[in-house]
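# Descriptive analysis of the structure
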Amino acid sequence: MVGNLLLRGMLVGVLAGILVFAFAHTFGEPLVDSAIAFEDQMAQMKGEMPEPELVSRATQAGPGLLVAAVVYAAALGGLFALVFAFVYGRVSPLGARGTAALLALAAFVVIALVPDIKYPANPPAVGNPDTIAVRTELFFVMIVVSIAAMVGAVALTKRLAPQHGIWNAVIYSGIAFVLVVGVVQYLMPPINEVPEQFSAVVLWRFRATSLGMHVILWTTLGLGFGAWASRLLGETRKYPAAASRSGLAPRRS
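Position labels on residues start from 1 in each chain and follow its written sequence. Local features are withheld for residues below a pLDDT of 70 in this predicted model, meaning they are given only at 70 or higher, and side-chain atom pairs are given and counted only at 80 or more; totals for whole chains, interfaces and linings count all residues. Side-chain measures here rest on the full set of heavy atoms in the structure, leaving out hydrogens and waters.

To continue, consider the side chain of serine 146. Elements are defined by DSSP. Helices are runs of H or I of four residues or more, strands are runs of E of two residues or more, and each kind is numbered from the N terminus. Looking at where serine 146 falls in the secondary structure, it is placed in helix H4 (residues 132-164). In this structure, serine 146 is in contact with Val109, Val110, Val114 and Phe177, ignoring residues within four places of it in sequence. For this analysis, residues touch if any pair of their heavy atoms sits within 4.5 Å.

Right, dumping it as structure tokens:
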């Protein structure tokens, strides 16, 4: 069953990657072109020679972007399916669709939204090449902290639920998650390397488009995989352990 879920997660990830590519190619690539044009203009003003183009923009914005989006989304789809197989019937009494939707929402928050608030995505020409290693490390540290805070919030919810009720437990845990993340983001060093002449409109639209790509990715995984997993689990009935824990096991007369 885990293998079947893994395969379906990767296939849904391929679909998500295609949708992300279509969105990024339509709305993101024109912004990248604008940023590259700004970068070339700044280089000309400094008297610098333009760097040779090893891969054409047409290839980068077309086949290159498609392959990257599909491979990335397929890998995340496989990981999503494995995490789903682990939490299904253990974290909540929700069925396959509800569990997948809740898991996708949590993944979007901890992997995309929280890190993006502190360290948002930047187009070309924004950012010092000498600090790329430091910026990458800080971004991944933010992801790790966000995931750890979410895991702690789930554990706190399960601990508080018997005494305070599920809704109050969720509210208390959500407040704790926001406080932990907020304190960590406040303590982590800020990064502001946007050139003064760079268009604020291009920067804002690029960051909104980047976040929109994650919305499409995780929405497709949550809804698409949830529907497929629900059909698979409902037809085969080969998930007795999780089904019994979630109250979904079929009754026998």
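We now examine the side chain of threonine 209. Examined against the element boundaries, threonine 209 turns out to sit in helix H6 (residues 200-236). In contact with threonine 209, other than residues within four places in its own chain, are Phe23, Phe27, Gly28 and Leu31.

Next up on the list: the environment of alanine 75. By the secondary structure assignment, alanine 75 is in helix H2 (residues 57-87). Sequence separation of alanine 75 and methionine 10 is 65 residues, and the distance between their C-alpha atoms is 6.5 Å.

This part takes up the nonpolar core. Here, nonpolar core means buried Ala, Val, Leu, Ile, Met, Phe, Trp, Tyr and Cys residues that are tied together by side-chain atoms lying within 4.5 Å of each other. Only protein chains enter the calculation, and the probe is 1.4 Å; a residue is then buried if its accessible area is under 20% of its type maximum, exposed if over 50%, and partly exposed in between. Counting 36 residues, the largest nonpolar core has Leu5, Phe80, Phe84, Phe177, Leu217, Trp218 and Phe225 as the members making the most contacts within it. Here the element with the most residues in this core is helix H3 (residues 96-118); it accounts for 10 residues. Formed by 11 residues, the second largest nonpolar core is a distinct cluster that contains Phe38, Val126, Val202 and Leu203.

The next point concerns a nonpolar patch on the surface. Each patch is assembled from residues with relative accessible area greater than 30% and no salt bridge, linking like charges that lie within 9 Å and nonpolar side chains (Val, Leu, Ile, Met, Phe, Trp, Tyr) that lie within 5 Å. Per-residue and other accessible areas follow the Shrake-Rupley method at a 1.4 Å probe size, with only the shown protein chains counted as cover for residues. Whenever Lys or Arg places a side-chain nitrogen within 4 Å of a carboxyl oxygen from Asp or Glu, that contact is recorded as a salt bridge. Taken together, the side chains of Ile171, Tyr172, Ile175 and Leu179 define a hydrophobic patch exposed on the protein surface, amounting to about 400 Å² of accessible area. You can see isoleucine 175 is positioned in helix H5 (residues 166-187). You can call isoleucine 175 partly exposed: its relative accessible area is 47%.

We define the bend at each residue as the angle formed by axes fitted to the 7 residues ending at it and the 7 residues starting at it. Of all the bends in helix H1 (residues 2-45), the greatest measures close to 45° and is centred on histidine 25. Just downstream of H1 lies glycine 47, where phi reads positive at about 80°.

Before going further, it helps to spend a moment on H4. Between its first and last C-alpha atoms H4 spans 46 Å; for 33 residues at 1.5 Å apiece the expected length is 48 Å, and the two agree. Helix geometry: H4 is bent most strongly at lysine 158, by close to 25°, with proline proline 162 lying one to four residues after it. Turning to H4, its buried residues are Leu138, Met142, Ile143, Ser146, Ala149, Ala153, Thr157 and Leu160. Downstream of H4 by one or two residues, glycine 165 has phi in the positive range, about 90°. Multiplying one less than the number of residues by 1.5 Å gives the expected span of a helix.

Turning to the pattern of salt bridges, a few remarks are in order. Inspection of the entire model under this criterion finds 1 salt bridge. Where arginine 135 meets glutamate 193, a salt bridge forms, and the shortest distance between an N and an O atom there is 3.3 Å. Of this pair, arginine 135 sits in helix H4 while glutamate 193 sits in the loop between H5 and H6, and the two are 58 residues apart along the sequence. Overall, the relative accessible area of 21% leaves arginine 135 in the partly exposed class.

Another point: the packing of H4 against H5. What describes two packed helices is the angle between their axes and the distance between those same axes. Their axes nearest at 8 Å, the elements H4 and H5 cross at an angle of 155°. By the criterion of interaxial angle, the relationship of H4 to H5 is roughly antiparallel. In terms of crossing hand, the pair formed by H4 and H5 is right-handed. Between H4 and H5, the residues in contact are Met142, Val145, Ser146, Ala149, Met150, Ala153, Leu156, Thr157, Leu160, Ala161 and His164 and Ile166, Asn168, Ala169, Val170, Tyr172, Ser173, Ala176, Phe177, Val180, Val181, Val184 and Gln185, respectively. Here the nonpolar group is Ala, Val, Leu, Ile, Met, Phe, Trp, Tyr, Cys and Pro; Asp, Glu, Lys and Arg are the charged ones; every other residue, Gly included, is treated as polar. Classifying every residue of the contact of H4 with H5 by side-chain character gives 17 nonpolar, 6 polar and no charged. A fitted line through C-alpha atoms serves as each axis, taken over the contacting stretch for helices, and the angle formed by two N-to-C directions is quoted from 0 to 180°. Should an angle fall under 35 degrees it is called roughly parallel, over 145 degrees roughly antiparallel, and 65 to 115 degrees roughly perpendicular, with every other angle called oblique. By convention, the crossing between two helices is left-handed when the near helix turns anticlockwise from the far helix through less than a right angle, and right-handed when the turn is clockwise.

Time to look at the environment of glutamine 44. Examined against the element boundaries, glutamine 44 turns out to sit in helix H1. Along the chain, glutamine 44 and glutamine 197 lie 153 residues apart, while their C-alpha atoms are 15 Å from each other.

Here the focus is the confidence of the model for the chain. Of the residues in the chain, 91% reach a pLDDT of 70 or more, and the chain-wide mean stands at 87. For the stretch residues 235-253, pLDDT sits under 50, and the model shows 24 contacts to residues farther than four places along the chain or on other chains. Predictor confidence is given residue by residue as pLDDT, running from a minimum of 0 to a maximum of 100.

For the rest of this paragraph, the subject is the packing of aromatic side chains. A pair of Phe, Tyr and Trp rings is counted when the ring centres sit within 6.5 Å of each other, with Trp represented by its six-membered ring. The angle between the planes then sorts it: under 30 degrees is stacked, over 60 is edge-to-face, the rest tilted. One pass over the full model with this rule turns up 7 aromatic pairs. Centroid distance phenylalanine 84 to tyrosine 88: 5.4 Å. Interplanar angle 15°. Geometry classified as stacked. Summarising the burial analysis for this pair, phenylalanine 84 and tyrosine 88 share the class buried. Ring plane angle 85° and centroid distance 6.0 Å describe the contact between phenylalanine 139 and phenylalanine 140, whose orientation is recorded as edge-to-face. Overall, the relative accessible area of 27% leaves phenylalanine 139 in the partly exposed class.

H4 packs onto H3 with a crossing angle of 135° between their chain directions and a minimal axis gap of 9 Å. The orientation of H3 with respect to H4, classified from their angle, is oblique. Every pair of crossing elements has a handedness; the one defined by H3 and H4 is right-handed. For the pair formed by H3 and H4, the contact residues are Ala106, Val109, Val110, Ile111, Val114, Pro115 and Lys118 on the first element and Phe139, Met142, Ile143, Ser146, Ile147 and Met150 on the second. Classifying every residue of the contact of H3 with H4 by side-chain character gives 11 nonpolar, 1 polar and 1 charged.

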